[in-house]
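# Report on the structure
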Amino acid sequence: MKVATRITAATAVVVALASASYATFDLRARGTERRAGIEREARAVASTLRVGIETQPAAFRAPTEAQLRDLGRAAGGWHVAVIPAARAVETPGPDLTDSQLRRLRTMLVVPQRTFADVEGDQYYLAIPIRAIGQTTDEPQVIGMLEVSRSADVIATTTDDLVRAIALVALIVAITTVLVAALAIRLVSRPKLLSGIDDVAKGDLSHVILSEHDDEIGALAARFNEMTYSLRESRGETERHNEAKLALEQRLGQTEKLATIGQLAAEIAHEVGTPLNVIAGRARSIQKKSRDPEAVEKNAEIVAEQTARITRIIQRLLDFTRRKVGATERANINLNELSTTTLELLAGQFANARVKTRLERADQLPEVAGDKDRLQQVLINLLLNAVQAMPEGGALVIETSVVHRTRPGLEANAEQRFVTFAVTDTGVGIPAEIKDKIFDPFYTTKEGSGGTGLGLAVCSGIVKEHDGWIDVEDATAGGTVFRVFLPL
């Protein structure tokens, strides 16, 4: 619900309650006023009738029924009853109610006492009739005069209720319309909600014009200041991210160059073998230039060895090539990546007397990522495994699909991840340094060419691919580096 709507609704409720309270008090006041009016009229009628009765020349006696009807007609519709004092000793009957008898007896005791009230559906006023010519200070009550009529004249009528309800409805309607118009103009007009929605969508160029010098105007000004600060912060963050990306790329390239240095001698040796074969076959072609069959066979061998050299150099160039800017992601099959990486490092494994085995999962799903950077991770892990086995050993690359939760999110549902694990039979990693091996520039190869960047760069590349690396001890000794990548 909008703020303007809430303000309008709250105002309407408050005004309705206030108007209803006023109408209730007004109805009560009208009822009190009508009761006071009918009491004045009753006292005037009763006083007039009492004067006529008290001034009768004959001794007091109760009027007959006919006389009472005449008095009622003369009193303008009031019902008149005259009860002599002598009847105070009687019991209630058809023409003398218990209430009338009780009032008469009270007046005999308290001569100044009068009664005015509603009894049943009748309003009545009872006053004493006094004797004339008494010499005592206290008048003698010789009877009671009672006038009465229907109490409907003092009750709240349907017309009164209708007028009160109509008045309340009119006040609420007028107030609601006025407050709604003001709220829409003062609250909704500055378009704060649309501005906030634009900011939530990433558009920080929205500016709200301040139309009033009040709290809403101040809020619009603060909103504009906030969007300006957010624009500045976004620009600063983008600059920092670009600088961080450039630094990570330089660190990655530095580690790649260090790895290339380690590979250089092995690549030279690997290229030297087919070059020797090519040189020998070239001399054979020269000697047997007149033998077409021998020339064709030797030329075929030369072509094969040349293609081998080309493949070796191309793999090294692909790994060495430096990419600038954001990398393009593609679907990668880790089985194929593992095979080509093992072929690239075949000479390194042979010289280090390391036997390799690739255990590939069937129908392995592809992952999205940068092929060259993931290959850099695999090469670093393989070279570290070779260095951990100075006397030779066995190295296994295993690919698989696992179901598990992410570290730190064990309460969440399990997900599917593609993994490749590099297992060696080397010296292993001491438990006290396992939590440090991914720190930049931390190395245990001081003096042997270690930069301390290899595993740090690997961890950064895997995190860029929304994955992580686990390190554990191998069952038969050595270490297992297991890389998890989401499908």
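Details of the structure are given in the entry above.
Figured I'd write up the structure that's included with this text. (Residues numbered from 1 in each chain as written. Predicted model: local features only at pLDDT ≥ 70, side-chain atom pairs only at ≥ 80, totals over all residues. Heavy atoms only, no water.)

### Looking at the overall build of the protein chain
Regarding its fold elements, the protein chain presents 11 helices and 11 strands. Out of the 487 residues in the protein chain, the part that is buried amounts to 36%. Carbon and sulfur atoms provide 56% of the accessible area of the protein chain, an area that totals close to 28,700 Å². (Helix = DSSP H or I, 4+ residues; strand = E, 2+ residues; numbered from the N terminus. Buried < 20%, exposed > 50% of the residue type's maximum accessible area, 1.4 Å probe, protein only. Areas by Shrake-Rupley, 256 points an atom, 1.4 Å probe, with all protein chains shown as cover.)

### Observations concerning unusual backbone geometry
Unusually for a residue other than glycine, glutamine 363 sits at a positive phi of about 50°. Unusually for a residue other than glycine, aspartate 466 sits at a positive phi of about 65°. Residue placement: aspartate 466 occurs in the loop between helix 11 (454-464) and strand 10 (468-473). Residue class for aspartate 466 comes out partly exposed when judged on its relative accessible area of 44%.

### Brief notes about the packing of aromatic side chains
All told, the structure shown has 2 aromatic pairs when counted by the stated rule. Where phenylalanine 417 meets tryptophan 468, the ring centres are 5.0 Å apart and the plane angle is 80°; that geometry is what we call edge-to-face. Here the residue phenylalanine 417 occupies a position in strand 9 (residues 415-424), and tryptophan 468 occupies one in strand 10, the gap between them amounting to 51 residues. Taking the relative accessible area as the measure of exposure, tryptophan 468 reaches 11% and is therefore buried. Taking the centre distance of 4.8 Å and the plane angle of 10° together, the rings of tryptophan 468 and phenylalanine 484 count as stacked. Of this pair, tryptophan 468 sits in strand 10 while phenylalanine 484 sits in strand 11 (residues 479-486); the two residues are 16 residues apart in sequence, bridging distant segments of the chain. By way of ring pairs, the aromatic residues Phe417, Trp468 and Phe484 are connected into one cluster. The positively charged end of arginine 103 is found above the aromatic ring belonging to tyrosine 124, 4.0 Å away from the centroid. Of note, arginine 404 hangs over the ring of phenylalanine 484, and the distance from its end group to the ring centre comes to 5.0 Å. (Phe/Tyr/Trp six-rings, centres within 6.5 Å; stacked < 30°, edge-to-face > 60°. Lys NZ or Arg CZ within 6 Å of the ring centre and 35° of its normal.)

### Some words on a negative patch on the surface
Residues Asp291, Glu293, Glu296, Glu300 and Glu304 make up a contiguous surface patch of negative charge. Mapped onto the elements of the fold, glutamate 300 is located in helix 7 (residues 292-320). (Patch = residues over 30% accessible without salt bridge, like charges linked within 9 Å, V, L, I, M, F, W, Y side chains within 5 Å. Salt bridge = Lys/Arg side-chain N within 4 Å of Asp/Glu carboxyl O. Lys, Arg positive; Asp, Glu negative; His and termini not counted. Charge placed at Lys NZ, Arg CZ, Asp CG, Glu CD.)

### Observations regarding a positive patch on the surface
Together, Arg281, Arg283, Lys287, Lys288 and Lys297 make up a positively charged patch on the protein surface. A total of 3 residues in the positive patch trace back to one element, the largest contributor, which is helix 6 (residues 215-287). By relative accessible area, which is 56% here, lysine 297 ends up exposed.

### Some details on the sheet that holds strand 2 (residues 115-119)
Pairing within the open sheet is antiparallel, and its 4 strands lie in the order 1-4-3-2. Looking at which strands have only one partner, the edges of the open sheet turn out to be strand 1 (79-84) and strand 2. Neighbouring strand axes in the sheet, compared pairwise and without regard to direction, differ in orientation by 20° on average. Summarising the sheet, strand 1 and strand 4 (residues 141-150) pair through 6 bridges and their orientation is antiparallel. Within the sheet, the bridge partner assigned to isoleucine 83 lies in strand 4 and is methionine 144. Packing against the sheet, helix 3 (residues 98-109) makes contact with strand 1, strand 2, strand 3 (122-130) and strand 4, and its axis sits at approximately 140° to strand 4. (Pairing = 2+ DSSP bridges. Axes fitted to C-alpha atoms, helices over the stretch in contact; angles between N-to-C directions. Contact = heavy atoms within 4.5 Å.)

It is worth stressing that arrangement in space is one thing and function is another; only the former is reported here.
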